[in-house]
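Fold and geometry: a report
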Amino acid sequence: MNIQNVNQNFNHMVHAYKVAPWRIQRQWIGSAFGVVVVLAMVATLYLDVTSKAAIAGREIQDLTASITISQQVSADLQTEYATLTSSSVMKQRALELGFRPMKSREAEYLVVAGYIVPQPDILSSAPLPQLSVLSILPEYNESLLDWVDEQIALSSRGLR
């Protein structure tokens, strides 16, 4: 009886679709609409990620240009500073301010009683290095070649 019910339900579905073919069309339209919605969501996500990447790339370009401009301004300022502090410009500025070159007979040297020329502290207070005997065990001082040579010597003694 159960098979008869299934068969009857199947016949009823076939009859319903034959009577109303618009149901199949509605299913196809619903499926197509679902596919369009999914594709629209994927396209929206793709456009969002792409636009964010483009914006980040443009910001990187702007920052790189800003760095280049800052480096150029810094180089210009260094050049201007070097020009202003050159010996010829400094000499000209000193002459304009009323300074003149000193003559050797105008130099005065003062002798200060009790003045001692300071010795650098770093040399006088530095402890002398202590030389010590090698504190590493001999097993750890052996090179690979020494070890191989010793192994060959030991094996040759064992063969004889």
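In what follows, the accompanying structure is described. (Residues numbered from 1 in each chain as written. Predicted model: local features only at pLDDT ≥ 70, side-chain atom pairs only at ≥ 80, totals over all residues. Heavy atoms only, no water.)

Scanning the protein chain from N- to C-terminus turns up 5 helices and 0 strands. From first element to last, N terminus to C terminus, the protein chain shows the α and β order α-α-α-α-α. Of all 160 residues assigned to the protein chain, the portion counted as buried reaches 1%. With the model as given, the accessible surface of the protein chain reaches about 15900 Å², and the carbon-plus-sulfur share is 65%. (Helix = DSSP H or I, 4+ residues; strand = E, 2+ residues; numbered from the N terminus. Buried < 20%, exposed > 50% of the residue type's maximum accessible area, 1.4 Å probe, protein only. Areas by Shrake-Rupley, 256 points an atom, 1.4 Å probe, with all protein chains shown as cover.)

Turning to the pattern of salt bridges, a few remarks are in order. Close approach of charged atoms allows side chains of opposite charge to pair. Under the criterion given, the structure shown has 3 salt bridges. The shortest N-O distance in the salt bridge between Lys52 and Asp48 comes to 3.7 Å. Within this pair, Lys52 and its partner Asp48 are both found in helix α2 (residues 22-84), separated by 4 residues, close to a single helical turn. Classification of Asp48 as partly exposed rests on a relative accessible area of 34%. In this structure, Asp62 engages Arg58 in a salt bridge whose closest nitrogen and oxygen atoms are separated by 3.8 Å. Highlighted residues: Asp62 and Arg58, both in helix α2, separated by 4 residues, approximately one helical turn. (Salt bridge = Lys/Arg side-chain N within 4 Å of Asp/Glu carboxyl O.)

This is a description of form; function is not addressed.
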